[in-house]
Amino acid sequence: MYLRSRGVPATAVAVLFCAIGLWALGLAVDHPQGRVLVALLVALAATTAIAPGLAGADHDLDRASAIAWPPRRAAHVTVAGSTVLGLLAATAFVGQQMAGTGQIARNVAGLTGLVAIGAAILGAARAPLVPVIWTALVLQYAPPMGDPPTRPAYKVMLTWMVQPADARAATVAAVVLAVAGTVAYAVLGSRR
Amino acid sequence: MGARILRIELRRSVALWAALVIAATGVFVLFASNEPYGSWMQLVIVSRDIMQLTWPLGLAAGAWQALRERRSKVEELMATTPRPRWQRVLPVANAMAIAAVTAYLVMLAGAAGHVRHIDGYFPLGAIPLIALGALAMVGAVWLGQAVGALLPSPLTAPMLAVVGFVGLAVSPMIVAQDSRDRGAVLLFPYLQGPRDGGFALQMLSTRANLVQALWFAALAATGLAVFAASRPGTRLAALLPVVLGAAIAVPAMPRTLSDAWVEDRRATEAVCTDDEPTVCISRLHSYALDSMRGPAREALSVLARKLPPGPTRVLVGNDGTPGPQPADTLIVYVTLIESTEYTADTLVEIMLDGAGVPPCAGQVGIDPNEPATRELPPEPDPRYVGARQAVTAWLLDRRPPPATGAKEEPEMALARQAFDTLAALPLDEQRARVAAWRDAERACSDGDRLELLVGTGETG
């Protein structure tokens, strides 16, 4: 019932569609850089899909209930992120691989963190704004067809989602975002 | 009544915020992703190109707006009002359209600070590009509202944004896989600049502009109609504009993208100073006219003193190939590299290069005025280049400096040698030899140029 109340069926369908889309686009797009880009954008779509579920139907009712929300919220974000990751990674085994699993994992983790931060600051419904804008800016700044910047470290961290899988600073940035997002959301909950 | 509702909708709906977010994102990208723009046209084209980003954002903003009543849980209440749906939604659609246009214009105005020469040439061809960009943004929000009305889910807006990115960012890759440049890319809301990258001197042909206007208007009309329709039948009928638009736009489309870009003749026209000496420069670079005047005067006076009869006007060419040169005109090919500051001294030097005669084709290696080609140009002849440099040095009364590095270019040694030989001669003889050299250079005749300067048999 908790899952139903958080709109999980719709989210699950959306994520599933994303996974299928990833697989289909994997067959259609040959360009290597394009494949990484598609993988990133599909990860973005799938993670934003979990945003609406981060708030209950009635904010005041949730507050009033005697449930220990923080652990539950943390679990919610973590499970949602892992599910997205699992589904997207599964496509890699079904069809040709779009991007390294490590890269997908990093991007999903970071983007989930961003969604959680967005939910804590802007409210669950507006949460996708944060990862979408960030990704969009990065894609325009570091052109999708070109190579991402390799130095200095802060640029690598700012463009973490388009970095290759072995860029340490990018991984750090994604992990920091994931942890910060989970903690912020667990403590604060969704803004109404 | 309508105006009051519109005002309220502008203030209370997501319109203002959407405009802010889109404009801010656009300005950031316009600033961050490029060097300062060399011309207005480049900024306008790039601002259309980044609609890969702003267009999906507009789509998402529209979808977000369309869900307002559901979010506030008054959807059913609103549906029971006797006022027809289209009357109810028209003000908010207008508010969103105003927001979209404002966002686009604010973005352009904000990015104007990133244009290198803000008083530079503003081509007329940029105006339809801007208008079409704004129209496409209106189409984006209305289509977004239509989709939001059809699929009222909190997931719709973010999904639309991402699907929009995927569609617009990945589609060029699929289109680009064709080696031909398809005209069909003009159907996309973003605009690809000319293939050869000559942003400043080109504009979109009238036909391409009209086709795009028709297509974008059809898209926007369909978006609005679907959003305002309340019954499935009317929604189906609302698809009519886009079908009609496609039926007209697709056959009328220019075959290729390069067909769609035409030369902007006004940009290459020469504008001249009123006073003496006459200095002319292409309109595109007219901002540089003031800085050219002093060096031009100096260069002309040097030529008149040392090599009469001297030319009387300076034509600063930047683009295009050297043509035949009238004797009274000093044609200077200054490649105004945007990021370089030219001092007056450098400009005089450039103007006096080879006594103001453009080098003959294929003699100096890479020609900066020619578009870069794949095959390497023929190796420059050191004797030819050396002679040119000797003449320039002679005009400037400045001995070519000896080598500072370990390795000296052969033409520099030749130039210094020729300069010394020339300087040792009587003045009349010097002048006669350089004049002979200039005649040969103007005619691009065959024969050794260095010999003309230093005399036969003396070069060794």
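So, how was this worked out
- Residues numbered from 1 in each chain as written.
- Chains lettered and ligands numbered in written order.
- Predicted model: local features only at pLDDT ≥ 70, side-chain atom pairs only at ≥ 80, totals over all residues.
- Helix = DSSP H or I, 4+ residues; strand = E, 2+ residues; numbered from the N terminus.
- Buried ≥ 20, exposed ≤ 12 C-beta atoms within 10 Å, placed from the backbone.
- Contact = placed C-beta atoms within 7 Å.
- Domains from an automatic or database assignment.
- Nonpolar A, V, L, I, M, F, W, Y, C, P; charged D, E, K, R; others polar.
- Expected span 1.5 Å × (residues − 1).
- Axes fitted to C-alpha atoms, helices over the stretch in contact; angles between N-to-C directions.
- Parallel < 35°, antiparallel > 145°, perpendicular 65-115°, else oblique.
- Left-handed = near helix turned anticlockwise from the far one by under 90°.
- Pairing = 2+ DSSP bridges.

Before going further, it helps to examine the overall build of chain A. Of regular secondary structure, chain A possesses nine helices and zero strands. Walking chain A from its N terminus toward its C terminus, one meets helices and strands in the order α-α-α-α-α-α-α-α-α. Counting across all 192 residues of chain A, residues that qualify as buried make up 51%. Put simply, of all contacts in chain A between residues at least 6 apart along the chain, 73% involve residues at least 24 apart.

Okay, the domain arrangement of chain B next. Residues and elements named next belong to chain B. In terms of domain boundaries, chain B breaks down into domain 1 (2–265) and domain 2 (268–454). Counting residues at the interface gives 11 residues for domain 1 and nine residues for domain 2. A per-class count over the side of domain 1 that touches domain 2 returns three nonpolar, four polar and four charged.

Where interface size is quoted, it is often the accessible area lost as the parts come together. Contacts between the two partners involve 20 residues from chain B and, on the opposite side, 24 residues from chain A. Going through the elements one at a time, helix H2 (15–32) and helix H9 (156–177) of chain B are the ones with two or more residues in the side of chain B that touches chain A. When residues in the side of chain B that touches chain A are grouped by element, the largest group, nine residues, is from H9 of chain B. Residues that form the side of chain B that touches chain A fall into these classes: 16 nonpolar, three polar and one charged.

A separate point is unusual backbone geometry. In the Ramachandran plot, Lys-73 of chain B falls in the positive-phi region, its phi being about 60° despite a non-glycine side chain. By the secondary structure assignment, Lys-73 of chain B is in the loop between helix H5 (68–71) and helix H6 (75–79).

The next thing to look at is helix H6 (residues 101–122) of chain A. Residue and element names in this part refer to chain A. Taking 1.5 Å as the rise per residue, H6 with 22 residues should run 32 Å; its terminal C-alpha atoms sit 30 Å apart, in good agreement. Of all 22 residues that make up H6, 17 are buried, and the element is covered over most of its length. Two residues or fewer after H6 comes Gly-123, characterised by a positive phi angle close to 100°.

Each pair of packed helices gets described by two things: the angle between the helix axes and the distance between those axes. Residues and elements named next belong to chain B. Across the interface, helix H3 (residues 40–49) lies against helix H8 (residues 126–150) with an axial gap of 10 Å and an inter-helix angle of 20°. Overall, the two elements H3 and H8 adopt an arrangement that is roughly parallel. Relative to H8, the crossing made by H3 is left-handed. Residues Trp-40, Met-41, Val-44, Ile-45, Ser-47 and Arg-48 of H3 form the contact with H8, whose participating residues are Ala-126, Leu-129, Ile-130 and Gly-133. Looking at side-chain class alone, the contact of H3 with H8 contains seven nonpolar, two polar and one charged residues.

Let us now look at the pairing of strand S4 (residues 278–282) of chain B. Two faces make up the sheet, and in a regular strand the side chains alternate between them. Residues and elements named next belong to chain B. Within S4, four of the five residues are buried, leaving the element largely enclosed by the surrounding structure. As defined by bridge partners, strand S3 (residues 270–272) adjoins S4 across three bridges and the pair is classed as antiparallel. Bridging across to S4, Ala-270 finds its partner in Ser-282. Linking S3 to S4, which pair antiparallel, is a turn of five residues.

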